[in-house]
Amino acid sequence: MHDADAAEEWLDSWVAGVDAQASRTVELSRRVAALTSSARSRDGSITVTVGSAGQLQSLDLDDSALRTNGADLSRLIMTLIGQAQAQLSEQVTEQVRQTVGLDTETGQAVVHSYATRFPAPADEQRHDRRAW
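One structure accompanies this document, and this report is about it.

Cut-offs applied
- Counting restarts for each chain, with residues numbered from 1 along the sequence as it is written.
- The predicted nature of this model means local features are confined to residues of pLDDT at least 70 and side-chain atom pairs, given and counted, to a pLDDT of 80 or more, with totals for whole chains, interfaces and linings taken over all residues.
- The basis for every side-chain value is the complete set of non-hydrogen atoms in the structure, without hydrogens or water.
- For this analysis, a salt bridge means a side-chain nitrogen from Lys or Arg found within 4 Å of a carboxyl oxygen belonging to Asp or Glu.
- By the criteria applied, helices consist of DSSP H or I runs no shorter than four residues and strands consist of E runs no shorter than two, each listed in order from the N terminus.
- Exposed residues in this analysis have more than 50% of their type's maximum accessible area, buried residues have under 20%, and partly exposed residues fall in between, with area computed by a 1.4 Å probe over protein chains only.
- Patch criteria: residues need more than 30% relative accessible area and no salt bridge. Like-charged residues are merged within 9 Å; nonpolar side chains of Val, Leu, Ile, Met, Phe, Trp and Tyr are merged within 5 Å.
- Method for areas: the Shrake-Rupley scheme with a 1.4 Å probe, in which residue coverage is limited to the protein chains shown.
- In this tally, Asp and Glu contribute negative charge and Lys and Arg positive charge; neither His nor the terminal groups of the chain are included.
- Note on charges: their place is set at NZ of Lys, CZ of Arg, CG of Asp or CD of Glu.

## Structural notes on the pattern of salt bridges
Side-chain pairs of opposite charge can arise whenever the charged atoms involved come near each other. By the definition in use, this model includes four salt bridges. With a closest N to O distance of 2.9 Å, Glu27 and Arg31 form a salt bridge. With a gap of four residues between them, Glu27 and Arg31 both fall in helix H1 (residues 2-33), about one helical turn apart. Residue Glu27 is classed as partly exposed on the basis of its relative accessible area of 24%. Exposure remark for Arg31: the relative accessible area of 25% places this residue in the partly exposed category. In this structure, the salt-bridge partner of Arg75 is Asp72, at a minimum N-O distance of 2.2 Å. Taken together, the residues span about one helical turn, with Arg75 and Asp72 both in helix H2 (residues 70-98) at a distance of three residues. The buried category is assigned to Asp72, whose relative accessible area is 15%. Members of the salt-bridge network, linked through shared partners, are Glu27, Arg30 and Arg31.

What follows is the structure, given as structure tokens:
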């Protein structure tokens, strides 16, 4: 009987662990789905916001942003989107740390997915080089 009791206790403990991990994974999913990240040009004339999947949610331009040529404006907008996405990746990493843990398979997969899709911008793109 003793072996059966020990097996039952082990199984109960294992099930509780799986349930707890599933709960933490659901919480991570909920938190990540609510994330947004924004980046702004130095002069504040351009602001971009990306959603939890890195998609552009908003692009705000004031009139001073239109005083440049289209190529420079496009390049700056794309740089800001990349900065916002890289910040999003950092936010996701923090949410993983707080919920499922960075050392779990789930945590590592989520962090890797965001880091691969949204790497930190190269040094020259970290800040827009224009005096805007």
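There is more to say, and it comes next.
## Topic: a negative patch on the surface
Negative charge collects at one region of the surface, where Asp3, Asp5, Glu8, Glu9 and Asp12 lie side by side. Position of Glu9 among the secondary structure elements: in helix H1. What makes Glu9 exposed here is its relative accessible area of 57%.

Treat this as a map of the structure, not an account of what it does.
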